[in-house]
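# Structure at a glance
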Amino acid sequence: MKADLVIANAGQMVTCRSNGKAARGAAMRDVGIIEDGAVAVHGDKIVEVGRTAAIISKYQDADVIDAAGKVVCPGFVDAHTHIVFAGDRLGEFELKIGGADYLEILKNGGGILSTVARTREASRSELSEQTLRRLEKMLAAGTTTAEIKSGYGLNTETELKMLAVIEDVADRQPIGIVPTFLAAHTIPPEFKNDPDGYVDLICDEMLSAAWEWYRRSSFFGKVPFFADVFCEKGAFSLEQSRRVLIAAKEIGFAVKAHVDEFTNLGGSGEMIKMNAVSIDHLDAISDDEVAQLAGSETVAVATPAVNFNLGSSHFADARKIIDAGAALALSTDYNPGSAPCPSMTMAMAIACRYQKLLPSEAFNASTINGAFAVGLGDRIGSIETAKQADIIILDTHDYREAAYEFGGSLVTEVFKAGRSVFRK
């Protein structure tokens, strides 16, 4: 066995090893630490993980990077983002400070709809350049894989433009991208009085057009393509959400869903029955649905930066979800309105304080479980033999500091597929 690269002398090699499954229950508290650890890489794959002395002696011809007692861990997997958009929502930020809530702003034409208007007006190149700047921030914060949703177009032309931008940026920077089609984000203004008509458009035209884009894209056969829906009061009803995702599955999409963010419409239970790869937000999920979740392969994706940004004291009960035995992932939900946050460690810090996760649980939720939430748990999310070498070095001797400290970044170097792509 050959190796091109060895990262050695890690004070803590945090492997987040998974044994082929998302972490659950007690396994969430085990991040698989190897003291004085090393990892050997050949090409884009990990070939061996172990103690430094053993790895160095076995791969003497490899280039060696001395981690100098720092933490070496998997790159973060951000399982839920909306980073293709134009404009900002700074005025809305001030309205929220003044007491306006999300649904009130949406009802008055703000929120998603203001971003939709600007995204429709923006060119593909303008959107690509803005998205690349956001991805640069995410990379510097240690994210090596990110899901990106469409959903600020709400018509066939603009949704396809957003998908084209997602492909553009995937090819122009190192973060691995997983695309999601979210035409069912909210009802567009032109269908304000005919929401079922918009659902018809999604099911009869938009999903097929998106799948044809995927079939011709560089993503095809390499990463999953998801369809998503915002099942919520003021957005899509449970029946409308089911219609969209049933139609999507028939075409070939894997499915996700925004559910139970503000109100419980029964979406979690229905999406679990539909074998959704993930269900996201879950602030209002019921105890019965948590039990269903624990008995399924569906990953729960919590979005703590949203609640923090909204100034809310109510968060999804991630502690209950973990203790029930469900698989929990964390995400930034990076978007212009409810979570302008590029940092997974910030999401971890909030989750530890407000959702009572231990740092170990937050780490597994941000790496291996994030990987399963985007359908790539067999390839990324942990430092294990045969997995892609997506690795970061943190300037600390104890991995828990990544969630303990907030407001900055401990990331000193990022490796994507075995190649150094960021160095502080």
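Every chain begins its residue count from 1, and numbering advances along the sequence as written. Local features in a predicted model are, by the rule used here, given only for residues with pLDDT of at least 70; side-chain atom pairs are given and counted only at 80 or more, and totals for whole chains, interfaces and linings are based on all residues. Side-chain numbers here rest on the full set of heavy atoms in the structure, without hydrogens or water.

## Some details on helix 14 (residues 359-366)
Along an α-helix, residues three or four apart share an orientation, since each turn contains 3.6 residues. Applied cut-off: Burial classes follow relative accessibility: with a 1.4 Å probe on protein chains only, a residue under 20% of its type's maximum area counts as buried, one over 50% as exposed, and anything between as partly exposed. Under the scheme used here, helices are H or I runs from DSSP no shorter than 4 residues and strands are E runs no shorter than 2 residues, and both carry numbers assigned from the N terminus.
Among the eight residues in helix 14, seven count as buried, and that is most of the element. Of all the positions in helix 14, only Ser360, Glu361, Ala362, Phe363, Asn364, Ala365 and Ser366 are classed as buried.

## A look at unusual backbone geometry
Phi is positive for Ala68, which is not a glycine, with a value near 55 degrees. Tracing the sequence through the fold places Ala68 in the loop between strand 4 (63-66) and strand 5 (71-74). Note on Ala68: relative accessible area 55%, which makes it exposed. Positive phi, close to 60 degrees, is recorded for Asp260, a residue that is not glycine. Position of Asp260 among the secondary structure elements: in the loop between strand 10 (254-259) and helix 9 (267-273). By relative accessible area, which is 1% here, Asp260 ends up buried.

## Digging into the sheet that holds strand 11 (residues 278-281)
As a reminder, the rule being used: Any two strands with at least two DSSP-identified bridges between them are counted as paired. The angle between two axes is taken between their N-to-C directions and runs from 0 to 180 degrees, where each axis is a line fitted to C-alpha atoms and a helix contributes only its stretch in contact.
Strands sit in the order 6-7-8-9-10-11-12-13 across an open sheet of eight strands; the sheet is parallel. Edge positions in the sheet fall to strand 6 (76-78) and strand 13 (327-330), since each of these pairs with one other strand and no more. Each strand axis lies, on average, 25 degrees off the axis of its neighbour in the sheet, ignoring direction. In this sheet, strand 13 lies alongside strand 12 (residues 299-302) in parallel orientation, the contact comprising four bridges. Residue Ala300 lies in a different strand from strand 13, and its bridge partner there is Leu328.

## Notes on the pairing of strand 7 (residues 143-149)
Summarising burial for strand 7: seven of the seven residues are buried, a large majority. As paired elements, strand 6 and strand 7 share three bridges and run parallel to each other. The partner of Asp78 across the bridge, within strand 7, is Ala146. In the sheet, strand 7 pairs with strand 8 (residues 176-184) via five bridges, with the strands oriented parallel. Of the residues in strand 8, the one forming a bridge with Ala146 is Ile177.

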